[in-house]
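Chain residues, written in single-letter form:
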Number of protein chains: 2
Amino acid sequence: MTILERLAGVVGARNALTGDDAQGYREDWTGAYAWEPLCVVKPASTAEVSEVIKIAHETGTPVVPLGGQTGLTGATEGQGAIMLSLERMNAIREIRGPARLAIVEAGVILTELHEAAEAMGLAFPLTFGARGSARIGGVLSTNAGGSNVVRYGNTRDLVLGLEAVLADGTVVDLMSELHKDNSGYNLKHLLIGAEGTLGVITAAVVKLVPRPRAFATAMVAVETLDDALDLLNRLQEASGGAVEAFEYMSPRYMAEYLARFPEARAPFEKPQEVTLLVELGAVAPRDAVPGDDGQVPMAALLEHELGALLEAGRLRDAVVAQNAAQRAEMWARREAAAEVATRATMVNNDIALPLDKVSAFLDEMPGKLAALDPEALVLTVAHLGDGNLHYSVWPGNTDPGARDAIMEAVEEEVLRLGGSFSAEHGIGLTKLPSMRRRKDPAALAAMRAIKAALDPKGILNPGKLLPPEG
Amino acid sequence: MTILERLAGVVGARNALTGDDAQGYREDWTGAYAWEPLCVVKPASTAEVSEVIKIAHETGTPVVPLGGQTGLTGATEGQGAIMLSLERMNAIREIRGPARLAIVEAGVILTELHEAAEAMGLAFPLTFGARGSARIGGVLSTNAGGSNVVRYGNTRDLVLGLEAVLADGTVVDLMSELHKDNSGYNLKHLLIGAEGTLGVITAAVVKLVPRPRAFATAMVAVETLDDALDLLNRLQEASGGAVEAFEYMSPRYMAEYLARFPEARAPFEKPQEVTLLVELGAVAPRDAVPGDDGQVPMAALLEHELGALLEAGRLRDAVVAQNAAQRAEMWARREAAAEVATRATMVNNDIALPLDKVSAFLDEMPGKLAALDPEALVLTVAHLGDGNLHYSVWPGNTDPGARDAIMEAVEEEVLRLGGSFSAEHGIGLTKLPSMRRRKDPAALAAMRAIKAALDPKGILNPGKLLPPEG
């Protein structure tokens with residue numbers, strides 16, 4: 001039997017695709033990568049995933065696990081590989097309200113989990129632009145971030161347990177529902193964010209949280225990023241940690257946004273140096289249920305804090321959303337970022353900085369960029385509450401060498417300030433050069449040793465995450 | 001040169017101890033383990049730790065890292081080993097309030113960090129009984145838990161970055177200050193909880209949080225543990241997630257406590273089936289600053305919620321602390337657990353269960369225990385908010401075989417309900433048999449592969465955490 005016949009024997013002929021049937025599995029959605037897979041297989045169970053990987057292991061065939069294919073770093077490139085799509089494993093097996101958890105298969109789409117949690121009066125708070133396509137297995141494999149990390153953490157912070165198939169087809173059962181479990185090395189955290197290079201995640205136990213009953217949302221203008229950090233800390237304290245989102249938009253980003261959407265309104269009368277979108281989530285009825293004056297207490301709290309700071313001269317301007325439409329208008333400004341900032345020649349930097357070093361980075365970079373490329377333009381938006389900047393450079397000089405020089409200059413400044421060249425998007429193929437240049441060599445060596453120990457034949461998503469030695 | 005001379009050359013003669021000078025490094029504080037070390041070394045820097053481990057690596061000598069020696073599982077047993085004490089590396093290098101972080105060396109004692117954070121108006125919220133002796137390196141290596149996990153998570157959830165020395169003396173720099181950092185495998189989480197078997201943690205970056213300005217504390221009696229979980233979820237929602245502690249004491253525990261401390265007061269008029277200690281922490285001034293009626297709003301909220309439940313017949317009884325002395329009295333009942341429950345012959349089970357399976361466990365066990373040992377008595381206290389039970393059995397039959405049979409019966413029921421045989425104390429030597437019997441074999445095999453890859457000579461804390469094969 002050929003390997004294709006064997007794979008079809010495991011998943012069924014209609015779930016083993018080649019040739020034209022494999023259309024849609026030959027490129028990533030950024031358009032930066034294209035490839036010719038050996039085949040696409042769509043197993044229906046963990047047992048089938050295990051059988052597929054045993055065949056791959058025996059024959060030394062690469063396996064590339066696939067979720068919703070919404071990644072930004074080419075991590076699903078699969079030249080000559082078995083593309084292992086988890087899309088058919090899409091059951092929400094269980095939701096247990098009192099225990100605040102859900103048990104889901106890897107192919108569940110993020111919005112499906114959102115809706116199922118909401119039906120229980122709860123929330124799975126992780127969210128980001130691609131939520132309508134991203135699948136849980138991919139979300140875990142990339143340790144996705146998004147806008148609510150400031151309150152709820154990254155994906156890994158919301159995962160209690162998982163199940164995965166290792167490189168030899170062994171199923172490892174880490175489906176813990178526990179909040180304390182000190183029984184050996186934490187394989188869960190090792191597999192989360194490993195981009196499918198150590199195992200294929202097939203199921204997970206995730207935490208649910210009480211769903212905010214109301215939001216208090218505002219656009220705020222301050223003078224400096226240090227003032228912004230001060231505002232974040234004040235709001236966290238005043239609200240008892242209810243800040244759900246704390247987003248930054250640079251002046252150039254706001255200008256490009258308004259140019260691109262002529263019908264959109266500017267948030268303030270005048271352009272501002274630091275424009276923030278701030279959102280508090282009210283979980284408790286006392287914060288969410290409108291009082292006799294019709295006002296939601298959490299919104300009153302936000303207005304009060306902003307008013308006091310305005311009076312003290314610590315804010316330039318502030319507008320609190322009075323209804324859902326105003327809130328949506330505020331979010332539209334921020335969520336247009338991919339559309340506004342993306343250009344084919346863009347130098348895309350998904351970087352993280354210590355919270356109190358963001359201002360130093362944005363102060364230093366213009367001089368360095370000007371020296372490299374006087375015509376370069378920068379559009380910055382940021383999940384400022386967690387230190388994650390999307391620092392998009394439109395170069396004047398679009399030669400690959402010139403663009404690389406900009407990326408290196410950004411990385412260098414990031415490293416100098418103790419930051420990371422990859423905050424939430426991961427490494428995949430795109431960031432391999434950065435990984436080689438910037439990651440601690442001892443850490444890289446340890447990662448290579450772990451990869452060799454758990455996948456000695458190197459069949460799991462080969463070529464991703466770890467740059468080759470030397 | 002002998003190995004001792006070489007080690008003394010690295011750390012200085014007065015910091016390399018043998019013979020009588022090594023007194024205090026020959027047994028663990030439970031008294032269950034005693035050993036004769038090769039020597040004790042006390043390096044003053046990461047560079048010295050690296051040099052020590054290079055010598056150990058070259059000579060194939062075991063190295064046992066030491067913190068405050070407060071562990072409960074024999075993880076610092078060191079027959080013939082270099083005992084590597086981090087006690088001299090005890091600097092708090094930096095505390096940065098706006099960034100809400102502290103940078104500490106491994107030898108810092110937990111209470112020292114508490115005090116330093118408090119001096120900045122912040123808190124490092126991890127706390128447990130041994131806080132006055134436990135050192136950060138050991139706290140991280142065991143992923144310590146404690147009473148505040150329900151609000152702040154385990155140790156690993158409070159660590160942004162760390163530095164460690166690997167088995168060949170290489171220093172791995174993971175001193176990230178970042179809230180998002182997806183750059184390769186998460187070595188931080190692999191080293192946390194590894195009990196010194198993969199590397200020696202030398203420093204860490206930890207998160208700080210706003211310090212609660214006031215606490216609202218109550219003793220509550222309910223009928224069943226399911227009612228208790230319902231109460232937890234209600235209080236979380238009503239307070240917006242402000243529950244800091246949610247502790248359970250069984251009827252027998254309460255009876256033994258009152259017998260042991262005749263001057264102590266019972267919390268309620270009559271003994272109760274389920275006695276809870278509940279504490280909310282008020283971070284925001286609006287929750288903490290007393291109003292015109294002199295009452296702290298968070299305490300008023302707690303009283304209101306408890307009053308409504310009492311009226312609805314969902315509570316048996318409840319008392320809210322009116323002052324610091326009453327709060328201290330409540331905590332004294334819970335914190336006497338080690339004193340009340342510990343007996344030389346006790347079968348000590350530090351177990352975790354899914355939040356909604358605790359009641360099933362406590363319902364099932366009495367019958368199983370009675371069949372094994374009709375005279376066995378059980379004293380249960382629990383960090384109920386995170387599902388962690390300290391289930392201490394006083395056997396009638398104290399033969400080792402009979403005690404093992406009890407431990408196995410507990411483990412079996414725990415496993416059946418999806419729990420863990422080790423919640424917060426770790427494995428060390430004590431739990432090796434449980435690890436062998438109960439841990440997923442594929443997970444054990446992966447752990448062994450990782451250990452062999454990162455410590456091929458097996459010199460780092462040998463014999464701990466991983467049971468030998470076969």
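Bear in mind the structure is a predicted one, so any value in this text is a computation, not a measurement.

1. A word on the interface of chain B and chain A
- Chain B puts 83 residues into the contact, and the matching count from chain A is 82 residues.
- Per-residue buried area on chain B facing chain A is highest for Lys-180, Asn-182 and Tyr-185 of chain B; these three make up 17% of the total on that side.
- On the surface where chain B and chain A come into contact, there are ten salt bridges.
- For Arg-96 of chain B, the salt bridge identified is with Asp-356 of chain A, shortest N-O distance 2.6 Å.
- Where chain B touches chain A, the interface holds 40 residue pairs in polar contact (both at pLDDT 80 or more).
- Among the elements of the structure, helix H5 (149-152), strand E9 (171-174), helix H6 (187-191), helix H7 (225-239), helix H9 (285-288), helix H10 (297-311) and helix H16 (441-454) of chain B are those that each provide at least two residues to the side of chain B that touches chain A.
- Among the residues making up the side of chain B that touches chain A, the classes are represented as 38 nonpolar, 25 polar and 20 charged.

2. What about the UniProt feature "domain: FAD-binding PCMH-type" (unreviewed entry) in chain A?
- According to UniProt, the "domain: FAD-binding PCMH-type" (unreviewed entry) feature falls on residues 33-211 of chain A.
- Taken end to end, residues 33-211 of chain A comprises 22% helix and 25% strand; its first and last C-alpha atoms sit 38 Å apart.

3. A short note on the sheet that holds strand E8 (residues 159-165) of chain A
Residue and element names in this part refer to chain A.
- Taken in spatial order, the five strands line up as E5-E6-E10-E8-E9 in an open sheet, and their pairing is antiparallel. If you trace the sheet from one side to the other, it starts and ends with strand E5 (92-96) and strand E9 (171-174), each paired once. For this sheet, the mean inter-axis angle between neighbouring strands, taken without regard to orientation, is 10°.
- In the sheet, E5 pairs with strand E6 (residues 101-105) via four bridges, with the strands oriented antiparallel. Looking at the pairing, Ile-95 lines up with Ala-102 of E6.
- Contacting E5, E8, E9 and strand E10 (200-207), helix H2 (residues 46-59) runs over the sheet at an angle of about 45° to E8.
- Taken strand by strand, helix H3 (residues 110-119) contacts E5, E6 and E10, and its axis lies near 35° from that of E5.

Rules and cut-offs
Residues numbered from 1 in each chain as written. Chains lettered and ligands numbered in written order. Predicted model: local features only at pLDDT ≥ 70, side-chain atom pairs only at ≥ 80, totals over all residues. Heavy atoms only, no water. Contact = heavy atoms within 4.5 Å. Buried area = accessible area lost by both parts, 1.4 Å probe. Salt bridge = Lys/Arg side-chain N within 4 Å of Asp/Glu carboxyl O. Polar contact = N/O pair within 3.5 Å; in protein donor to acceptor, adjacent residues only side chain to side chain. Helix = DSSP H or I, 4+ residues; strand = E, 2+ residues; numbered from the N terminus. Nonpolar A, V, L, I, M, F, W, Y, C, P; charged D, E, K, R; others polar. UniProt positions renumbered as here; feature names shortened; annotations may be inferred. Pairing = 2+ DSSP bridges. Axes fitted to C-alpha atoms, helices over the stretch in contact; angles between N-to-C directions.

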